[in-house]
Amino acid sequence: MAAEQGQILVIATAAVGGFTLLVILTLFFLITGRCQWYIKAKMKSEEKRRNHLQNGHLRFPGIKTYIDPDTYEDPSLAVHEFAKEIDPSRIRIERVIGAGEFGEVCSGRLKTPGKREIPVAIKTLKGGHMDRQRRDFLREASIMGQFDHPNIIRLEGVVTKSRPVMIVVEYMENGSLDSFLRKHDGHFTVIQLVGMLRGIASGMKYLSDMGYVHRDLAARNILVNSNLVCKVSDFGLSRVLEDDPEAAYTTTGGKIPIRWTAPEAIAYRKFSSASDAWSYGIVMWEVMSYGERPYWEMSNQDVILSIEEGYRLPAPMGCPASLHQLMLHCWQKERNHRPKFTDIVSFLDKLIRNPSALHTLVEDILV
Ligand code: ACK
């Protein structure tokens, strides 16, 4: 009997011991497993955070946002993050095509890594420049290099490791839109002009989606290629305005191209995609009038006063009423009432698909 009891005791002790060990082991695996899961999850979220933060800049997956190169402590880091360094032996300069604030603009050829040669425009920084000039010059490349759109001028790369410092961009056979239109006064169909405007609006939609405000949208800052494709160019924030002969100093000390600029941007420097939409309306007027000067020979002060009193540019000769309506929409005093670039693109797309809507001219309504 005693022996039986002893046996039961041993079995019971062993069972309790075994069960306890099982519980301990289960707990141990659960805890270490959870720890590992927790560590893995933490690492993943850290990796995600690192992906969102590039060089201290917040990035969101799927939404590409523009990074102001001036937020880099060392601006040369910005240019190398956004622009490829080109070996100058790959560049063949052919001729001078113009003058920029920093030096000559040339046309030439760039040998691509596949050995094909492509036509390019080359902006050079003239010798004897200050560090500040070099930084301002390269700022444009740091901005352009962030964009990838058929209606934005494409950056091929930069030369910074040898002299002269250069910015190499795609070649646009027909040059600036304003002089191109003046040279070909009356030569295009309304549909061709609307096609050009559609391209510019599409480029501007891309820029506004990226959070980039151009501030100097004007026909002189649009380039045209041999297929009549228009591309937005001239990036560089304040530098653009320094460089623009149209930009005048305001009473608040800024330099602003008055005729192209929204009233709130002139009055208190409130630049936004909505002020770019005002400028877009002026570009529409320039295009439909084949490069006429907005407000003709009126002085800047008279332009400001007239706009304040409610005056708006009339429709250019032969301009469809629907396009003048769109211009007036872009020139609303209240900036939130102006169309977004996405609305402008869809409106122009509809006109292109249904050109009969372009037959009514403003002159027809007035008689
Ligand atoms: O009106 P344009 O012929 O076009 O004269 C000016 C000049 O250089 C000074 O800016 C021309 N230009 C600028 N960038 C380019 C480019 N990517 N392709 C062709 N021409 C250009 C501009």
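Residues numbered from 1 in each chain as written. Predicted model: local features only at pLDDT ≥ 70, side-chain atom pairs only at ≥ 80, totals over all residues. Heavy atoms only, no water.

### Here we look at the pairing of strand S6 (residues 155–159)
Burial of S6 is extensive: five of the five residues sit out of reach of the surface. Alignment of S6 against strand S7 (residues 166–170), held across four bridges, turns out to be antiparallel. When the bridges of S7 are listed, Gly157 appears paired with Val168. In textbook terms, the turn of a hairpin is the stretch between consecutive antiparallel strands, and for S6 and S7 this stretch comprises six residues. (Buried < 20%, exposed > 50% of the residue type's maximum accessible area, 1.4 Å probe, protein only. Helix = DSSP H or I, 4+ residues; strand = E, 2+ residues; numbered from the N terminus. Pairing = 2+ DSSP bridges.)

### Regarding the packing of aromatic side chains
To describe a pair of aromatic rings, one takes the distance between the centres and the angle between the planes. Across all of its chains, the model carries twelve aromatic pairs by this definition. For the ring pair Tyr280 and Phe341, a centre distance of 5.8 Å and an interplane angle of 90 degrees mean the geometry is edge-to-face. Linking Tyr280 in helix H8 (residues 273–288) with Phe341 in helix H11 (residues 341–353), this pair joins segments that are 61 residues apart in sequence. Exposure remark for Tyr280: the relative accessible area of 0% places this residue in the buried category. Site record: aromatic cluster; members linked through ring pairs are Tyr66, Phe147, Tyr206, Tyr212 and Phe235. The ring of Trp260 carries Arg220 above its face, with NZ or CZ at 4.1 Å from the centroid. (Phe/Tyr/Trp six-rings, centres within 6.5 Å; stacked < 30°, edge-to-face > 60°. Lys NZ or Arg CZ within 6 Å of the ring centre and 35° of its normal.)

### Notes on the UniProt feature "binding site: ATP" (unreviewed entry) in the protein
The UniProt feature table records "binding site: ATP" (unreviewed entry) at Lys123. Here Lys123 lies in strand S5 (residues 117–124). For Lys123, the residues in contact, after removing those within four places along its chain, are Glu104, Val105, Phe137, Glu140, Val165, Met166 and Ile167. Here the side chain of Lys123 touches Glu140 through a polar contact of 3.1 Å, side chain to side chain. (UniProt positions renumbered as here; feature names shortened; annotations may be inferred. Contact = heavy atoms within 4.5 Å. Polar contact = N/O pair within 3.5 Å; in protein donor to acceptor, adjacent residues only side chain to side chain.)

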